[in-house]
Amino acid sequence: MKITVKKGLDIKMKGVPNKIIAEGNLSKSFALKPSDFPNLIPKLLVKEGDSVKCGSPIFCDKYNDVVVFVSPASGVVDKIIRGEKRRILAVTITSDGKFTQQNSKAKDFSKLDRAELKTDLLKSGLWPLLRMRPIDIIARPEDNPKSIFISSFDTNPLSPDYDFIMHNKSAEFNAGLELLNILTDGSVHLQIRKNSDEVFSNAKNVKTHLVKGPHPSGNVGVQMHEIDPINKGEVVWYINPQDVMILGRYSLTGAYDANKVICIGGENVNSPKYFKTISGSSIESILEGVEIKENSRLISGNPLTGLKVEKDNFLGFYHHQLTVLPEGNEYKFFLSEGWLSLGFNRFSASKSYPTWLMPKSKTYQFDTNLNGEERSFVVSGQYEKVFPFDIYPVQLIKSIITNDIEKMENLGIYEVSPEDFALCEFVCTSKINIQEIVRNGLDLVYKECM
Amino acid sequence: MKFLRNIFDNAHKTLNSSEKTKKFFPLVDAFDTLMFTPNHVTKNGSHVRDAIDLKRTMMLVIIALIPCLLFGIYNTGYQHYRVLGELEVISFWEIIFKGALVVLPLVVVSYGSGLFVEFIFAIKNGHTVQEGFLVSGMLIPLCMPADVPLWMVAVATIFAVVIGKEVFGGTGMNILNVALTARAFLFFAHPTKMSGNEVWVTGFSDIKGEKYASLVSSANPEGVVDGSSGATALGDLASFMQDSPVLENTQAFQAKYSLMDSFLGFIPGSVGETSALMCLIGAALLLWTGIASWRVISSFFVGGFVMATILNLVGGNGYFELPAIHQLMLGGFMFGMVFMATDPVTAAHTNAGKFIYGFLGGFLGILIRMVNPAYPEGIMLAILIANVFAPLIDHMVIQNNINRRLKRLKTA
């Protein structure tokens, strides 16, 4: 199937990572953070000082204890960091640098049936790599998804190029796809672009779809909406292509091997490029030897949906990039750089700035300034231009703000996740934090209706 | 810049130093954020944001209103001296001076009274001043007759801001267009002052008392002042529906108010609304910058044109026979179409709804104006009606979307 996404916006940021993969520094400290998984209440399975191996369970879902979260490294549980009301923020593990595996026997997975495979994946700790729509949380083991989606490309600003990262990784990728096929009665959908690497264009056991268009065409939510939209009561799963490789490696070797390649981008990085790292590595170790300017904001993930982090934090479970942007905590005089400037060097999707008259290849400086203050909804028709769903975004957001569950369902909340609203949030004249609102709405719907 | 920044920083510090003065924070904040985009940074979610904000959006509308304002100043002076019959002996700058003397106080009073109310509500509710009134404050004087007393403008503005907007929750929450609420308030509260032939030209009632009377009775009245100089074109048109029309037929009307004069705006009327050309310049800027919705503007025009054409075909009197395009150049049609109907808060919010909403506004506007001559300013009322219907139109459009989704569920 060919899909053309018409609505959307490519944000042209400075600091696109160069196509070089550097051997990253091996992190000495790793962490698992319950906050990476929306709606999760963890139950600890280890104490401080316990020794763990790669693949040892660290905590599980309190309400569904078959879903376990495992250590990406071998070593000792260093600290259990707690926040308000003793909520667990992170469990840190000091690595012994040996990456001893809990178990590493390759199995012939093709002979397993679905139930056996599910049990195996749950035990191995790979299960959380699978996420579901609606609600955008970890897949529930009891579901049989109507299909599984993989987007082979990321259209977010400064995002990693999977064609580059996964070049020549066909064996692992296909092994992962084989497992995914066991998990669904429907199809595994792989969305590719025109010039996708052969690892994707020649992938086995998948239905490939050619996608064209600006961001958010790489978001699985948009692709699902076009290919196989979710109705009330239906469940679709999705997984990141690098995570398919982790599944594949498990299938081939039986080892929990959370190696991945991430990119570091952004204007405040001297030489943006790709690094080899391991899921859960400390930000400090990743940034060792990388030159970063003063007054920067570190973001685990992309600039539109990522998480603000400090140096002593850790890479998010689902994140494949680090972004370093100038912090925008300065006043801007209204005529020179502020709200009434001519703004030839400011990026805007609205035509009130001359961005739309500039050559398309021009890149722009961005900082984290809100560029205004939060206001009520005033301007209409703005979100619709960057929101390629057959959904009324403002009306859906208003129904969430008023906790009107029936209306949320009617307006299509089952099809969306916060990331689908990232561009709406970006272009919003009234500077409303839409992604947070959508997350709250999804949490409410999950609690009340599922 | 540093100097200015220090002033604001110090002002904030002084206010914050005591609990009593803390609540006056919006006062300083409003001017601070006017001079500086604040240093607020994003939290999580989208870490980078578009450069657009509400201040810029509103300011662009005000800039789009400037041609109308400048022409309004000129035309106010022009009409004044036309009635006096002194156009030949008066210089351009004297016309501007007279116009400015009338129009600028209207602008000052409108902004003054409106912002006063806004600040009171901001301080009382402890939030910052939102920018909505920046545009309303300019629209109100432009949709007033030139000779309206200043106290009426103040009362109408305060009424519109309090009842039209703040009781609903402030900017972004109102149902009716604020400027039109002010206009409608005066129209219904002071009908004798706000209609008839005397309010549209500044100084007209004074002139009529002394000079005008003597001029009319003088030997050669037409050469100096024509017979009904104070009336608007629509007033003259409306008289076709009565027993004793001012003019004998449509041709006489077209001779008095040529299409070109109506388009350029050298006719009596509300301060800023007479010139279709200036409205179109404003429209061009608003459409070029994407602030106003082309859906509303185009469908509004089509709606008005369709209605005027229908009445053309009906015919039967001098009013109905006026060509549709000439009809649309008169009164507040163009001004309402470009600046009032496009108010994003009170217009329909869905794209499909905007077409229906705009069409309804234009269609009803011409209908009210022509079929009920008691309300020559039908556009104002039609936009207010369309405002009221906008949520219903949106509801229908959204229900359609919901039904489509439900249907998919059933077939799946």
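Residues numbered from 1 in each chain as written. Chains lettered and ligands numbered in written order. Predicted model: local features only at pLDDT ≥ 70, side-chain atom pairs only at ≥ 80, totals over all residues.

Let us look at the overall build of chain B. For chain B, the count of helices and strands is 20 helices and 1 strand. At 24 Å, chain B has a C-alpha radius of gyration in line with the 22 Å of a compact globule built from 412 residues. Across its three principal axes, chain B shows a C-alpha extent of roughly 80 × 65 × 35 Å. Taken over 412 residues, chain B has a buried fraction of 51%. Residue pairs at least 24 apart in sequence account for 73% of intrachain contacts in chain B once pairs closer than 6 positions are excluded. (Helix = DSSP H or I, 4+ residues; strand = E, 2+ residues; numbered from the N terminus. Rg over C-alpha atoms; globule rule 2.2 N^0.38 Å. Buried ≥ 20, exposed ≤ 12 C-beta atoms within 10 Å, placed from the backbone. Contact = placed C-beta atoms within 7 Å.)

A word on the overall build of chain A. Along the backbone of chain A there are 11 helices and 21 strands. The C-alpha atoms of chain A give a radius of gyration of 22 Å, which matches the 22 Å a tight globule of 450 residues would have. Split into buried and exposed, the 450 residues of chain A put 52% on the buried side. If you take every contact in chain A between residues at least 6 apart in sequence, the share linking residues at least 24 apart comes to 70%.

Take the domain arrangement of chain B next. Residue and element names in this part refer to chain B. Domain parsing of chain B yields domain 1 (2-35), domain 2 (54-194) and domain 3 (234-401). For domain 2 versus domain 3, the separation of C-alpha centres amounts to 20 Å. Between domain 2 and domain 3, the contact holds 33 residues from the first and 29 residues from the second. The residue makeup of the side of domain 2 that touches domain 3, split by class, is 24 nonpolar, 8 polar and 1 charged. (Domains from an automatic or database assignment. Nonpolar A, V, L, I, M, F, W, Y, C, P; charged D, E, K, R; others polar.)

Turning to the interface of chain B and chain A, a few remarks are in order. At the interface, 51 residues of chain B touch 63 residues of chain A. If you list the elements that add at least two residues to the side of chain B that touches chain A, you get helix 3 (25-35), strand 1 (36-37), helix 4 (54-84) and helix 20 (378-411) of chain B. Looking at the side of chain B that touches chain A, its residues break down into 21 nonpolar, 22 polar and 8 charged. Sheet topology note: the strand 21 (residues 332-333) of chain A/strand 1 of chain B ladder contains 2 bridges and is antiparallel. Looking at strand 1 of chain B, one finds that Phe333 of chain A is bridged to Phe36 of chain B. (Pairing = 2+ DSSP bridges.)

We now examine the domain arrangement of chain A. Many descriptions give the size of an interface as the accessible area lost when the pieces come together. All names here are of chain A. Parsing chain A into structural domains produces domain 1 (2-253) and domain 2 (370-449). Computed from C-alpha atoms alone, the centre-to-centre distance between domain 1 and domain 2 is 26 Å. Across the boundary between the two partners, domain 1 contributes 20 residues, which contact 19 residues of domain 2. For the side of domain 1 that touches domain 2, the element with the most residues is helix 5 (residues 220-227), which contributes 3 residues. Within the side of domain 1 that touches domain 2, the residues separate by chemical class into 9 nonpolar, 6 polar and 5 charged.

This next bit is on the environment of Thr119 of chain A. Residue and element names in this part refer to chain A. Relative to the assigned elements, Thr119 resides in helix 1 (residues 114-124). The class for Thr119 is partly exposed, based on 14 C-beta atoms found within 10 Å. Along the sequence, Thr119 and Arg297 sit 178 residues apart, while their C-alpha atoms lie 41 Å from each other.

All names here are of chain B. Packing of helix 16 (residues 294-314) against helix 18 (residues 333-340) brings their axes to within 9 Å, and their N-to-C directions diverge by 155°. Overall, the two elements helix 16 and helix 18 adopt an arrangement that is roughly antiparallel. The two elements helix 16 and helix 18 cross, and the hand of that crossing is right-handed. Where helix 16 approaches helix 18, its residues Ile297, Phe300, Phe301 and Gly304 are matched on the opposing element by Phe333, Met337 and Val338. Counted by class, the contact of helix 16 with helix 18 contains 6 nonpolar, 1 polar and no charged residues. (Axes fitted to C-alpha atoms, helices over the stretch in contact; angles between N-to-C directions. Parallel < 35°, antiparallel > 145°, perpendicular 65-115°, else oblique. Left-handed = near helix turned anticlockwise from the far one by under 90°.)

All names here are of chain A. Strand order in the open sheet made by the 7 strands is 1-14-13-12-15-10-11, with mixed pairing throughout. With partners counted over all chains shown, the strands left at the sheet margins are strand 1 (2-4) and strand 11 (137-138), one partner each. Note that strand 1 and strand 14 (residues 207-212) share 3 bridges and pair parallel. Paired with Thr4 across the strands is Lys212, a residue of strand 14. Across the sheet, helix 5 lies against strand 1, strand 10 (131-133), strand 12 (148-151), strand 13 (188-192), strand 14 and strand 15 (236-238), angled at about 125° from strand 12, the strand it touches most.

The subject of this paragraph is helix 11 (residues 434-449) of chain A. Residue and element names in this part refer to chain A. In this model helix 11 runs 22 Å from its N-terminal to its C-terminal C-alpha over 16 residues, within 8% of the 22 Å that 1.5 Å per residue would give. Residues Ile434, Gln435, Val438, Arg439, Gly441 and Leu442 constitute the buried set of helix 11. Here the buried residues of helix 11 occupy an arc of 160° about the axis, which is enough to place them on one side. When the buried face of helix 11 is taken as reference, the exposed residues oriented beyond 90 degrees from it are Lys447 and Glu448. (Expected span 1.5 Å × (residues − 1). Arc of directions from axis to C-beta.)

All names here are of chain B. Chain-level pLDDT for chain B is 87 on average; 92% of the residues reach the 70-or-more range. Scored below 50 in pLDDT, residues 211-228 makes 16 contacts in the model with residues more than four places away or belonging to other chains. Interface confidence in the predicted complex, given as ipTM, is 0.91; pTM for the same model is 0.92. (pLDDT = per-residue confidence, 0-100.)

All right, on to the pairing of strand 18 (residues 296-300) of chain A then. Side-chain positions along a regular strand alternate between the two faces of the sheet. All names here are of chain A. The buried fraction of strand 18 amounts to 4 of the 5 residues, a majority that puts the element mostly inside the structure. Two strands pair when backbone bridges link them, and strand 18 and strand 20 (residues 321-326) are joined in this way by 5 bridges, in the antiparallel orientation. Within strand 20, the residue paired with Ser296 across the bridge is Pro326. Note that strand 18 and strand 19 (residues 307-309) share 3 bridges and pair antiparallel. Following the sheet pairing, Ser300 is matched in strand 19 by Leu307.

Strand pairing in a sheet relies on backbone hydrogen bonds. The paired strands run either parallel or antiparallel. Pairing within the open sheet is mixed, and its 6 strands lie in the order 2-17-16-20-18-19 (chain A). Edge positions in the sheet fall to strand 2 (21-22) and strand 19 of chain A, since each has one partner strand and no second.

Our focus in this paragraph is the nonpolar core. Formed by 222 residues in total, the largest nonpolar core has its most connected members in Cys424 of chain A together with Val338, Tyr357 and Ile383 of chain B. The leading source of residues in this core is helix 4 of chain B, at 15 residues. (Core = buried A, V, L, I, M, F, W, Y, C linked by C-beta atoms within 7 Å.)

With that out of the way, let us pick up unusual backbone geometry. Residue and element names in this part refer to chain A. For the bond from Arg133 to Pro134, the omega torsion is 0°, close enough to zero to count as cis. Along the polypeptide, Pro134 turns up in the loop between strand 10 and strand 11. Cis geometry marks the peptide bond from His215 to Pro216; its omega dihedral reads 10°. Looking at the element boundaries, Pro216 is found in the loop between strand 14 and helix 5.

In this section: helix 15 (residues 276-288) of chain B. Residues and elements named next belong to chain B. For helix 15, built from 13 residues, the straight-helix expectation of 18 Å at 1.5 Å per residue is met to within 8% by its first-to-last C-alpha distance of 18 Å. Turning to helix 15, its buried residues number three or more, namely Ala276, Met278, Cys279, Gly282, Ala283 and Leu286. The arc that holds every buried residue of helix 15, seen down its axis, measures 160°, which confines them to one face. Packing partners of the buried residues in helix 15 comprise helix 4, helix 14 (259-264), helix 16, helix 17 (324-329) and helix 18. Directly after helix 15, the chain includes Gly290, whose backbone phi takes a positive value near 70°.

Next up on the list: the environment of Ile391 of chain A. Residues and elements named next belong to chain A. Position of Ile391 relative to the elements: it lies in the loop between strand 21 and helix 8 (393-401). On a C-alpha basis, the gap between Ile391 and Gly412 in space is 6.4 Å, while along the polypeptide they are 21 residues apart. When residues no more than four places from it in sequence are discounted, the contact partners of Ile391 are Leu396, Leu411, Gly412, Glu415 and Val416.

Glancing now at the environment of Lys43 of chain B. Residues and elements named next belong to chain B. Within the element layout of this structure, Lys43 appears in the loop between strand 1 and helix 4. Since 12 C-beta atoms lie within 10 Å of it, Lys43 is described here as exposed. Residues Lys43 and Lys23 lie 20 residues apart in sequence; the distance between their C-alpha atoms is 26 Å.

Attention shifts here to the packing of helix 5 (residues 92-125) of chain B against helix 6 (residues 132-142) of chain B. All names here are of chain B. With their axes 8 Å apart at the nearest point, helix 5 and helix 6 run at an angle of 145° to one another. Between helix 5 and helix 6 lies a crossing whose hand is right-handed. Contacts between helix 5 and helix 6 involve Val103, Leu106, Val107, Ser110, Tyr111, Gly114, Leu115 and Glu118 from the first element and Phe133, Ser136, Gly137, Met138, Ile140 and Pro141 from the second. Broken down by class, the residue content of the contact of helix 5 with helix 6 amounts to 9 nonpolar, 4 polar and 1 charged.

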